[in-house]
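So you can see what is in the structure, the chains are spelled out below.
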Amino acid sequence: MLLGVNIDHVATLRQTRGTSYPSPIEAASIAEKAGANSITVHLREDRRHIQDLDVYELKENLILPLNLEMAVTKEMLILAKKIKPKFCCLVPEKRMELTTEGGLDVIAQKSKIQDSVEMLKENGVRASLFIDPNEEQIIAASEILAPCIEIHTGNYADTHDNNTKKKELENIKKSINLASSLDLKVNAGHGLNYENVKEIAAISGIEELNIGHSIISRAVIVGLSAAIKEMKALIDNPVINIANI
């Protein structure tokens, strides 16, 4: 299972003081050497962390694939067409949210999202849809010929109730099986950390986990390279005690 490292919060730290450091480009370089398989950044409408120049510089300097998270807007689609990242993950976005809250409503925006997926494909970019583990949304993603989805793991990650956690985990497994049966590639992410990632990493059918906040937080204590290697080790060896789930 691959690991995509989200470096948004390297830029968050930089933006709090308006300095030129810490550098997302340097962070991406360290992540490459530490074993990351891709680099993810979310270029938000309000530019609260990653800036346009960051994305251009990452595309120019990265050896690893660049995964650009973005809202389904004309502005972002134009930028994606210019930058041509390897992947684009289409996500819902609200101005006041702390982080992405839930998945895209593909059903309600079917035509708009389908046009976006097609436009990205025409420009050599593989689109992914960030969606909840929901049967109807997964089927809708398949119907508009999206090549890939990213399952939102936030509900699983955020709950502290074991029974709820089991239900969320089972729902994620069923969703991945459905997506795989529809020939959708499946990534997953949101809220995953060093304590809960093994249960997700143990599920077959996931191509890549995208993780950011917990890795950057851990990096404050042990350094970015060590933080990534620790996460890789957990993903590569997801031996879990089912009784504890």
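Numbers given to residues run from 1 along each chain, matching the order in which its sequence is written. With pLDDT at 70 or above as the cut-off, local features in this predicted model cover only qualifying residues; side-chain atom pairs require 80 or more to be listed or tallied, and sums for whole chains, interfaces and linings still use all residues. Excluded from the side-chain calculation are hydrogens and water; included are all heavy atoms of the structure.

Enquirer: What exactly am I supposed to notice about the environment of Gly 212 here?
Expert: Each helix corresponds to a stretch of at least 4 residues labelled H or I by DSSP, and each strand to a stretch of at least 2 residues labelled E; elements are numbered beginning at the N terminus. The residue Gly 212 is located in the loop between strand 8 (208-211) and helix 10 (213-222) in this model. Summary of the burial criterion: residues with accessible area below 20% of their type's maximum are buried, those above 50% are exposed, and those between are partly exposed, where the area comes from a 1.4 Å probe applied to protein chains only. Look at Gly 212 and you get buried, because its relative accessible area is 10%.

Enquirer: I would appreciate a short explanation of the packing of helix 10 against helix 11 (residues 224-236) in the present structure.
Expert: The angle between the axes and the distance between the axes are what describe a pair of packed helices. Their axes nearest at 7 Å, the elements helix 10 and helix 11 cross at an angle of 130 degrees. By the criterion of interaxial angle, the relationship of helix 10 to helix 11 is oblique. For the element pair helix 10 and helix 11, the recorded crossing hand is right-handed. Judged by residue contacts, Ser 214, Ile 215, Ile 216, Arg 218, Ala 219 and Val 222 of helix 10 engage Leu 224, Ala 226, Ala 227, Ile 228, Glu 230 and Met 231 from helix 11. Residue polarity is assigned by list, with Asp, Glu, Lys and Arg as charged and Ala, Val, Leu, Ile, Met, Phe, Trp, Tyr, Cys and Pro as nonpolar; anything else, Gly included, falls into the polar class. For the contact of helix 10 with helix 11, the per-class residue count stands at nine nonpolar, one polar and two charged. In this analysis an axis means a line fitted to C-alpha atoms, helices contributing only their contacting stretch, and an angle means the value between N-to-C directions, from 0 to 180 degrees. Angles below 35 degrees are treated as roughly parallel, those above 145 as roughly antiparallel, those between 65 and 115 as roughly perpendicular, and all remaining angles as oblique. Two helices cross in a left-handed way if the nearer one is turned anticlockwise from the farther one by less than a right angle. They cross in a right-handed way if the turn is clockwise. The contact criterion used is simple: two residues touch if any of their non-hydrogen atoms lie within 4.5 Å.

Enquirer: Honestly, the environment of Ile 138 in this entry has me stumped. Any pointers?
Expert: Among the secondary structure elements, Ile 138 is positioned in helix 6 (residues 135-143). With a relative accessible area of 0%, Ile 138 lands in the buried category. Once the C-alpha coordinates of Ile 138 and Ile 107 are considered, the two residues, 31 residues apart in sequence, prove to be 9.4 Å apart. With near-sequence residues (within four places) excluded, Ile 138 lies in contact with Ile 131, Ile 149, Ile 151, Ser 175, Leu 178, Ala 179, Leu 182 and Leu 184.

Enquirer: Any chance you could explain the sheet that holds strand 2 (residues 38-42) here in plain terms?
Expert: In a beta sheet, neighbouring strands are held together by backbone hydrogen bonds and run either parallel or antiparallel to one another. The criterion for strand pairing is that DSSP finds at least two bridges linking the strands in question. Taken together, the eight strands give a closed barrel; going around it, the order is 1-2-3-4-5-6-7-8, and neighbouring strands pair in parallel fashion. Across the sheet, the mean angle from the axis of one strand to that of its neighbour is 25 degrees, orientation sign disregarded. Inspection of the sheet shows strand 6 (residues 148-152) paired to strand 7 (residues 185-189) by five bridges, in the parallel sense. Bridging across to strand 7, His 152 finds its partner in Gly 189. This element, helix 5 (residues 110-122), spans strand 3 (66-70), strand 4 (87-90) and strand 5 (126-131) of the sheet and lies at about 170 degrees to strand 4.

Nothing here speaks to function; it is all geometry.
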